[in-house]
Amino acid sequence: MRLDEPGWWYGEAGSAVPRLLAPLARLRDAAVERRFRNATPYRAALPVICVGNFTAGGTGKTPLTRFLLEVLAIRQTRAVCLTRGYGGTLPGPVWVDGAHHAAREVGDEPLLIARGAPDGAGRVMVARDRKAGLAAIEATGGADAVIMDDGLQNPSLVKDLSIAVVDAGRGFGNGRVIPAGPLRARLGFQLGLVDCIVVMGGDASGAEPPVFEDLKKRFPGPVLRGAVEPAGDLGWIGGAKLLAYAGIANPERFFGTLARFGPETLIRRSFPDHHAFTDADAAGLLAEAEASGATLVTTEKDVVRLAGTSGASAELAARSRVLPIRVHFDERDFVRLGALIDGALKDGARS
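Criteria and thresholds
- Residues numbered from 1 in each chain as written.
- Predicted model: local features only at pLDDT ≥ 70, side-chain atom pairs only at ≥ 80, totals over all residues.
- Heavy atoms only, no water.
- Buried < 20%, exposed > 50% of the residue type's maximum accessible area, 1.4 Å probe, protein only.
- Helix = DSSP H or I, 4+ residues; strand = E, 2+ residues; numbered from the N terminus.
- Arc of directions from axis to C-beta.
- Polar contact = N/O pair within 3.5 Å; in protein donor to acceptor, adjacent residues only side chain to side chain.
- Phe/Tyr/Trp six-rings, centres within 6.5 Å; stacked < 30°, edge-to-face > 60°.
- Lys NZ or Arg CZ within 6 Å of the ring centre and 35° of its normal.

**Some remarks on helix 6 (residues 130-140)**
- Considered for burial, the residues of helix 6 that qualify are Arg130, Gly133, Leu134 and Ile137. An end-on view of helix 6 places all buried positions within 95 degrees of arc, on one side of the element.
- Two or three places before Lys131, at the opening of helix 6, Asp129 has a side-chain oxygen 3.1 Å from that residue's backbone nitrogen.
- Two residues or fewer after helix 6 comes Gly141, characterised by a positive phi angle close to 80 degrees.

**Thoughts on the packing of aromatic side chains**
- Following the criterion strictly, the structure yields seven aromatic pairs and no others.
- Note on Phe67 and Phe329: the rings are 5.4 Å apart at their centroids and 50 degrees apart in plane angle, and the pair reads as tilted. In this pair, Phe67 is assigned in helix 3 (residues 61-74) and Phe329 in strand 13 (residues 325-329), connecting sequence segments 262 residues apart. The pair formed by Phe67 and Phe329 is uniform in burial state, with each residue classed as buried.
- A centroid spacing of 5.0 Å and a plane angle of 70 degrees characterise the contact between Phe271 and Phe277, whose relative ring orientation is edge-to-face. Taken as a pair, Phe271 and Phe277 share a single burial class, namely buried.
- One aromatic cluster is present, formed by Phe67, Phe329 and Phe334 through successive ring pairs.
- Positioned above the aromatic ring of Tyr10, the side-chain terminus of Arg170 is 4.2 Å from the ring centre.
- One residue, Arg321, lies across the ring of Trp236, its end atom 4.2 Å from the ring centre.

Structural data, given as structure tokens:
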């Protein structure tokens, strides 16, 4: 659970707080729906594929965005990621330079996507005004498609394919709208905004989680299973003493992944989502690792935020192992997702 998430969003039952916050939740929901009713969305000259989530917090949206960029590259489609740049100071429109920008300028997720984009620099556009960002992409030229990151609740653009990512374990929590719960708007309304749902978590070939079965009954479109899995050599985890730290929306997923590979010791340290590590934070982690004889390990997103720092923060980055991850689908769902992508590319090209 995120450090800034109320316990009653997902875990603590019987709290009266959600009922007390229900009027504020209704106001938020009404505002979201009104924004869609009053919007005049911009139709781009390029196909737009949107990746978002129904709830606040981590669902695996960023790994899926990176996965889609790879899928489109295999299709010889030059895709650009359009993102708001949450946590960054630059309003944009600005192209993210993975070699020179810092996370505090453009946000950690855009920087992570830019550094892993198949074509390198220039494949991620940060713009708080999504329409302005898309216009900048079109003016620059050289793109065949746009992946709109975290844009499900943004009505400013016409989308040719909208994909919502749902965490298999967390689901929708108590089913209420922010601030009474984790939903960004009524679930029924949000289901009407998407063409496909990816339930992310665990082994994609394993037992179907309850939220998956529920969505198959409630949603008429395709509901796919995906998994976020570690990539590369993992032999260093088994039997090791690890001090794992993470400032992401769902750190327990990261800790749980490490635990599956059998470390001798796993010390867990959580920080708020998008946490900007201070030298004091870094010094504390370094000292704890030294005292316990543990290897520091963190996420790709966390180490991106440490890039370009100095002092103890730079030392923390240098001494930390990173657990890279990638999205996996079974063959059947991969084919279904590919068909949806091809349809979006075809429809967008006709527009």
